[in-house]
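# Secondary and tertiary structure notes
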Amino acid sequence: MRVRVLVPTVVAALLASVSPVAPAVAAPRISAVVSTDPVDWTPHIRDGAVWAMAVVGDTVVVGGDFGAVAPAGSRRSLARRNLMAFRLSDGAVTSFSPDVNGVVTAIAAAPDGSVIIGGDFTGVNGYQRRSLARLDVATGGVWRDFQPRVDGDVRAVAVRGSSLYIGGRFTGVSGVARQGMARLNAHDGAVDTSFDADLTPAVGDQPTVESIALSPDGNRLVAVGNFAAAQGQPRAQLVMIDVAGSATVADWHTPFYETSCHPQFDTYLRDVDFSPDGRYLVAVTTGHDTGPDLPCNTTARFEAVGTGTRGPTWVNHTGGHSLYAVAATGSAVYVGGHQLWLDNPDGQKVAGPGAVERPGIGAIDPMTGRALEWNPTRTRGVGVRAFAVCPLGLLVGSDTDELGNEYHGRIGMFPDPAFRGSDR
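Remember, it's a predicted structure, so these values are computed and weren't measured experimentally. Once a new chain begins, its residue numbering starts again from 1 and follows that chain's sequence as written. Owing to the predicted nature of the model, reporting of local features is limited to residues with pLDDT of at least 70; listing and counting of side-chain atom pairs is limited to 80 or more, with chain, interface and lining totals taken over all residues. Side-chain calculation: all heavy atoms of the structure are included, whereas hydrogens and water are not.

A few words now on the state of the cysteines. Cysteine sulfur atoms that pair up within 2.5 Å are treated as a disulfide. Counting across every chain of the model gives 1 disulfide. Covalent S-S linkage joins C261 and C296, the inter-sulfur distance amounting to 2.1 Å. Across the S-S bond linking C261 and C296, the dihedral sits near -105°, which makes this disulfide left-handed. With C261 in the loop between β25 (252-253) and β26 (269-274) and C296 in the loop between β27 (280-285) and β28 (298-303), this pair connects stretches of sequence that are 35 residues apart. Counting from the N terminus, the helices are the DSSP runs of H or I reaching at least four residues and the strands are the DSSP runs of E reaching at least two.

Following this line, the structure appears as structure tokens:
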């Protein structure tokens, strides 16, 4: 295996330009399609799965369902219960080691260099915290004045200034009725009563939000999940909300996800992301059924500007395998799951005409909707659950330990070619 390092002066100059607190929205635009050769210094999570990642300055915070981590090149395991952190510049595992008694499925950078974590847990470091907590990145300590009480699990978090948006499967926060989505004060966790998406479930009696994304300017929020309406307006599984002012459902909607993929899915949408310029958004799905006219097991681009009814600009099909994560970087749309192919609209869990192999991870041209040549491969497992765009490249979190034909225990990073450095 080749050992590659970033030229130290390049790393220092780049990280010096990064704020100590990671941007709350607008991830960095990657200059080109990332390398297919992962960097060699990221640590290895030994068990379980990674569900979420966030970058705070030179620190990457990683959450999931795991118990041990090892530094790159070391056989020594360090105990880390569902949450850990490492330095972006060299991969060194930090002392950040909160004790979280359940899975962490969402992380966002918060004010003052802290992070907010969401998931399905009841305690952190011995303090009662139901599904939501705020932590100091330097010490791992719990912020005692942040104590919202969520009566279910949290699957998505996003921060813009002092506003914290959460999504998941819950019916209330701190005694305030909220179905699947709420806006809180990011400093103290108080519920913002002026924001109510008023979601109506598509299936069953419980709306659920699987993923949320904020536009780079912070004016719009997109959510995907189990709902058929928001604030009384039809919105099948995907809703856009104007959050800059009165927090009302935007006059922007798509009927594309009105089709059922299989009765077993209350929602088949799994992730959504805005492009760095905010002009479009991309969503990925799972689903049992498949076919060229169905939205199941697909990646779809939608133009985010304008109003009214919108269809997808393009749709890329896996041909029957699930996608769970998406990251739009400007130069590419990266998708991850347990797919075998892209460009496969006629495949029925086989390679149809024109299908290209992209096991577990792939990249799509944002303009054409066709698979790019980028094909590092990964051991498929259940699938990629988390992408994080950082100043140095694309971070990947999953449940397997082979990425780019190398051993990478559940964490890896594909570098931006502009900062790749030199091989030695």
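A word on the packing of aromatic side chains. To describe a pair of aromatic rings, you give the distance between the ring centres and the angle between the ring planes. Each pair of aromatic rings taken from Phe, Tyr and Trp, with Trp reduced to its six-membered ring, is defined by centres within 6.5 Å and is described as stacked if the planes are under 30 degrees apart, edge-to-face if over 60, and tilted in the remaining cases. Enumeration according to the criterion identifies 8 aromatic pairs in this entry. Judged by centre distance (6.2 Å) and plane angle (75°), the ring pair of W252 and F302 falls under edge-to-face. Placement of the pair is W252 in strand β25 and F302 in strand β28, with a sequence separation of 50 residues. Judged on exposure class, the residue W252 and its partner F302 are both buried. With a centroid separation of 5.9 Å and 55° between ring planes, the pair formed by Y257 and F302 is classed as tilted. With a gap of 45 residues between them, Y257 in the loop between β25 and β26 and F302 in strand β28 connect regions that are remote in the sequence. Residue Y257 shares its accessibility class with F302, and that shared class is buried. A 1.4 Å probe rolled over the protein chains alone gives each residue an accessible area, and that area as a share of the maximum for its type sets the label: buried under 20%, exposed over 50%, partly exposed in between.

Right, let's talk about the sheet that holds strand β3 (residues 49-56) for a bit. Taken in spatial order, the 3 strands of this open sheet run β3-β4-β7, and their pairing is antiparallel. Since the sheet does not close on itself, it has two edges, and those belong to β3 and β7 (83-87), each with one partner. Taken over all neighbouring pairs, the strand axes of this sheet differ in orientation by 25° on average, direction set aside. Two strands pair if DSSP finds at least two bridges between them. Here 5 bridges tie strand β4 (residues 59-65) to β7, and the two strands are oriented antiparallel to one another. Its bridge partner lying in β7, T59 is registered against R87. Helix axes are fitted only over the stretch in contact, all axes being lines through C-alpha atoms; the angle between N-to-C directions runs from 0 to 180 degrees.

Attention now moves to unusual backbone geometry. Here D112, not a glycine, exhibits a phi torsion of approximately 65°, which is positive. With respect to the helices and strands, the residue D112 is situated in the loop between β8 (103-109) and β9 (114-120). One non-glycine residue with positive phi stands out, namely N125, at about 55°. Position of N125 relative to the elements: it lies in the loop between β10 (123-124) and β11 (127-128). Looking at N125, the relative accessible area reads 31%, which means it is partly exposed.

The next thing to look at is the nonpolar core. Across soluble globular proteins, nonpolar side chains show a tendency to be buried alongside one another. Residues I45, V62, M84, L395 and M413 are the most contacted members of the largest nonpolar core, which totals 22 residues. Broken down by secondary-structure element, the contributors of at least two residues to this core are β3, β4, β7, β36 (386-390) and β40 (411-415). Two residues form a contact once any of their heavy atoms are found within 4.5 Å. Excluding residues within four positions of it along the chain, V62 makes contact with I45, V50, A52, M53, N82, L83, M84, F86, I107 and I411. Core analysis: the next-biggest nonpolar cluster, separate from the first, contains 21 residues, A213, L238, A250 and A283 among them. Each nonpolar core is a collection of buried residues, namely Ala, Val, Leu, Ile, Met, Phe, Trp, Tyr and Cys, held together in the definition by side-chain atoms within 4.5 Å.

In regions of low pLDDT, the predicted coordinates are not meant to be interpreted in detail. Values of pLDDT, the confidence the predictor places in each residue, fall between 0 and 100. For the protein, mean pLDDT is 92; residues scoring 70 or higher make up 92% of the total. Throughout residues 1-26 the model reports pLDDT below 50, and contacts reaching past four residues in sequence, or to other chains, amount to 61 contacts.

Before going further, it helps to examine the pattern of salt bridges. Whenever Lys or Arg places a side-chain nitrogen within 4 Å of a carboxyl oxygen from Asp or Glu, that contact is recorded as a salt bridge. Per the counting criterion, the structure on display carries 12 salt bridges. We note a salt bridge from R220 to D242, for which the minimum N-O separation is 2.9 Å. One end of the pair, R220, is in strand β20 (residues 220-226); the other, D242, is in strand β23 (residues 238-242), and 22 residues separate them in sequence. For R301, the salt bridge is made with E303, and the minimal N-O distance between the two is 2.7 Å. Of the residues examined, R301 reaches a relative accessible area of 9% and is grouped as buried. With a relative accessible area of 23%, E303 lands in the partly exposed category. The network of salt bridges with common partners includes D153, R155 and E210.

For the rest of this paragraph, the subject is the side chain of T94. Among the structural elements, T94 can be located in the loop between β7 and β8. Two N or O atoms form a polar contact when they lie within 3.5 Å of each other; inside protein one atom must be a possible hydrogen donor and the other a possible acceptor, and for residues adjacent in sequence the pair counts only when both atoms belong to side chains. Here F96 takes part through its backbone nitrogen, which lies 3.2 Å from a polar atom of the side chain of T94. Those residues in contact with T94, other than ones at most four positions away along the chain, are R80, A85, F86 and R87.

Note on strand geometry: in a regular strand, side chains alternate between the two faces of the sheet. Burial analysis of β20 places 7 of its 7 residues in the buried class, the great majority of the element. Looking at chain direction, strand β19 (residues 208-214) and β20 are connected through 6 bridges and run antiparallel. Residue pairing in the sheet places A213 in a bridge with V222 of β20. As paired elements, β20 and β23 share 5 bridges and run antiparallel to each other. By the bridge assignment, L221 is partnered in β23 with I241.

Position of G126 among the secondary structure elements: in the loop between β10 and β11. A relative accessible area of 77% means that G126 is categorised as exposed.

Taken in spatial order, the 4 strands of this open sheet run β26-β27-β28-β30, and their pairing is antiparallel. Both outer strands of the open sheet, β26 and β30 (314-317), are each paired with one neighbouring strand and no more. The sheet shows a mean angle of 15° between the axes of neighbouring strands, direction not considered. As defined by bridge partners, β28 adjoins β30 across 4 bridges and the pair is classed as antiparallel. Bridged to T299 within β30 is N316.

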